[in-house]
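One-letter residues, chain by chain:
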Amino acid sequence: MNKVVLITGATSGIGLACARKFAENGDRLILTGRNESRLADIKKELAEKGTDVLTLVFDVRDREKAAASIGSLPAEWQEIDVLVNNAGLALGLEPEYEGHHDDWDTMIDTNIKGLLTMTRLIVPGMVQRNRGHIINVGSVAGDAAYAGGNVYCATKAAVKALSDGLRIDVANTVIRVTNLKPGLVETNFSNIRFHGDSERAANVYKGIQPLTGDDIADVAVYAANAPKHVQIAEVLILATHQASGSVIVRK
């Protein structure tokens, strides 16, 4: 049966890859993001291939706008089967004692509070229907801190704890919770982290073949389509020459 899949942060990177992979799976998509024109382009791309797409323009940090957007869904879109909490980012690589307050606020408000907002808006309906799946995009950074990662690592550790806690909360239902933990993925992630410094961002991926957004999307689609009695609770996905968040062998 085709699912209704809501993906946050769907305009680029892992979110966009998930949109394309779930579209290939025949699912109906609700795509959210801050860039209205980019969402329109993606909707057109997928619609031309036969995918039913609805777009919502809001920032997950804006709780009121998020609630209004979800509340505006037409009846045929309200029963969301899969929530992909993908919206997230890293900013800066300074030591913790030299970090920027604005960067901290943006990471915490997006990676933690934004995820909580979407969970609070969508999961009650899943519980009421006794079906659904939440896929949270965490990170290997949530397993252990690395140099300069401090606050970002803390937010992804929170994603793990929130995923584990939600899985406990819905254990009396058939709802499943998955935490995906990617390692080095070549997207615009590093460009955002370094505030648009493309040269510095490119150096992150030198000497190693990193993962792609498609690699992570493949796992997301697999988890969402596993047999009903199978819960893919947590998956750590690393490039072959990456052993942990801080151990990368470059050739």
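Residues numbered from 1 in each chain as written. Predicted model: local features only at pLDDT ≥ 70, side-chain atom pairs only at ≥ 80, totals over all residues. Heavy atoms only, no water.

## Focus: the overall build of the protein chain
Here is step 1: Each helix and strand in the protein chain was counted, giving 8 helices and 7 strands.
Here is step 2: For 251 residues, the compact-globule estimate of 2.2 N^0.38 gives 18 Å, and the protein chain sits close to it at 17 Å.
Here is step 3: Here the C-alpha coordinates of the protein chain stretch approximately 50 × 40 × 35 Å along the principal axes.
Here is step 4: Counting the 251 residues in the protein chain, one finds 50% classified as buried.
Here is step 5: Partitioning the contacts of the protein chain with sequence separation of at least 6, the portion at a separation of at least 24 is 71%.
Here is step 6: Summing over all exposed atoms, the protein chain offers an accessible surface of approximately 12,000 Å²; the carbon and sulfur share of this is 50%.
Here is step 7: The averaged location of the 30 negative side-chain charges in the protein chain is 4 Å from the averaged location of its 27 positive side-chain charges. (Helix = DSSP H or I, 4+ residues; strand = E, 2+ residues; numbered from the N terminus. Rg over C-alpha atoms; globule rule 2.2 N^0.38 Å. Buried < 20%, exposed > 50% of the residue type's maximum accessible area, 1.4 Å probe, protein only. Contact = heavy atoms within 4.5 Å. Areas by Shrake-Rupley, 256 points an atom, 1.4 Å probe, with all protein chains shown as cover. Lys, Arg positive; Asp, Glu negative; His and termini not counted. Charge placed at Lys NZ, Arg CZ, Asp CG, Glu CD.)

## Focus: the environment of asparagine 203
Here is step 1: Note that asparagine 203 resides in helix H7 (residues 198-203).
Here is step 2: Note on asparagine 203: relative accessible area 37%, which makes it partly exposed.

## Quick word on the nonpolar core
Here is step 1: Of all hydrophobic cores here, the largest spans 41 residues; its most connected members are Ile7, Phe22, Leu29, Leu31, Leu46, Val84 and Ile135.
Here is step 2: What leucine 29 contacts, discounting residues up to four positions off in sequence, is Val5, Ala19, Phe22, Ala23, Leu46, Thr51, Asp52, Val53, Leu54 and Trp77.
Here is step 3: Listed in part, the 22 residues of the second largest apolar core include Leu56, Leu83, Ile122 and Met126. (Core = buried A, V, L, I, M, F, W, Y, C linked by side-chain atoms within 4.5 Å.)

## Structural notes on the packing of aromatic side chains
Here is step 1: Using the criterion set out here, one finds 1 aromatic pair in the structure.
Here is step 2: One residue, arginine 28, lies across the ring of tryptophan 77, its end atom 4.1 Å from the ring centre.
Here is step 3: One Lys or Arg, arginine 193, reaches over the ring of tyrosine 152 and ends 5.3 Å from the middle of that ring. (Phe/Tyr/Trp six-rings, centres within 6.5 Å; stacked < 30°, edge-to-face > 60°. Lys NZ or Arg CZ within 6 Å of the ring centre and 35° of its normal.)

## Here's the deal with the sheet that holds strand S5 (residues 133-137)
Here is step 1: Taken together, the 7 strands give an open sheet; going across it, the order is S3-S2-S1-S4-S5-S6-S7, and neighbouring strands pair in parallel fashion. On the outer flanks of this sheet lie strand S3 (53-57) and strand S7 (234-237), each paired with one strand and no other. Neighbour to neighbour, the strand axes of the sheet diverge by 15° on average, direction disregarded.
Here is step 2: Pairing of strand S1 (residues 4-7) with strand S2 (residues 28-33), which is carried by 4 bridges, proceeds in the parallel orientation. Directly across from leucine 6, in S2, lies its bridge partner isoleucine 30. (Pairing = 2+ DSSP bridges. Axes fitted to C-alpha atoms, helices over the stretch in contact; angles between N-to-C directions.)

## A short note on the side chain of asparagine 150
Here is step 1: Mapping asparagine 150 onto the fold places it in helix H5 (residues 150-169).
Here is step 2: The contact partners of asparagine 150, leaving out residues within four places of it in the chain, are Glu94, Pro95 and Glu96.

## As for the pattern of salt bridges
Here is step 1: A full pass over the atoms with the stated rule returns 13 salt bridges.
Here is step 2: Note that aspartate 59 and arginine 34 form a salt bridge whose closest N and O atoms lie 4.0 Å from each other. Note that aspartate 59 is positioned in the loop between S3 and helix H3 (63-71) and arginine 34 in the loop between S2 and helix H2 (36-47), a separation of 25 residues in sequence.
Here is step 3: The class of aspartate 59 is buried, set by a relative accessible area of 18%.
Here is step 4: One salt bridge connects glutamate 234 with lysine 181, and the closest N-O pair in it is separated by 2.8 Å. Within this pair, whereas glutamate 234 is found in strand S7, its partner lysine 181 is found in strand S6 (residues 176-182), the two being separated by 53 residues in sequence.
Here is step 5: Judged by its relative accessible area of 5%, lysine 181 is buried.
Here is step 6: Salt bridges sharing common partners tie together Asp143, Lys160, Asp164, Arg167, Lys181 and Glu234. (Salt bridge = Lys/Arg side-chain N within 4 Å of Asp/Glu carboxyl O.)

## Comments concerning helix H4 (residues 101-129)
Here is step 1: Along its 29 residues, H4 runs 41 Å from first to last C-alpha, staying within 8% of the 42 Å computed at 1.5 Å per residue.
Here is step 2: The largest bend along H4 measures about 35° and falls at lysine 113.
Here is step 3: Among the residues trailing H4, asparagine 130 stands out with phi positive, at a value near 55°. (Expected span 1.5 Å × (residues − 1). Bend = angle between axes of the 7 residues up to and from the residue.)

## A short note on the pairing of S5
Residues in a regular strand project their side chains so that they alternate between the two faces of the sheet.
Here is step 1: With 5 of its 5 residues buried, S5 lies for the most part within the structure.
Here is step 2: Note that strand S4 (residues 82-85) and S5 share 4 bridges and pair parallel. Looking across to S5, one finds that valine 84 is bridged to isoleucine 135.
Here is step 3: Following the chain from S4 across H4 to the adjacent parallel S5, one finds a crossover that is right-handed.
Here is step 4: In this structure, S5 lies alongside S6, joined through 5 bridges in parallel fashion. Across the sheet, the residue bridging to histidine 133 is arginine 176, located in S6. (Right-handed = clockwise from strand over helix to strand, strands pointing away.)

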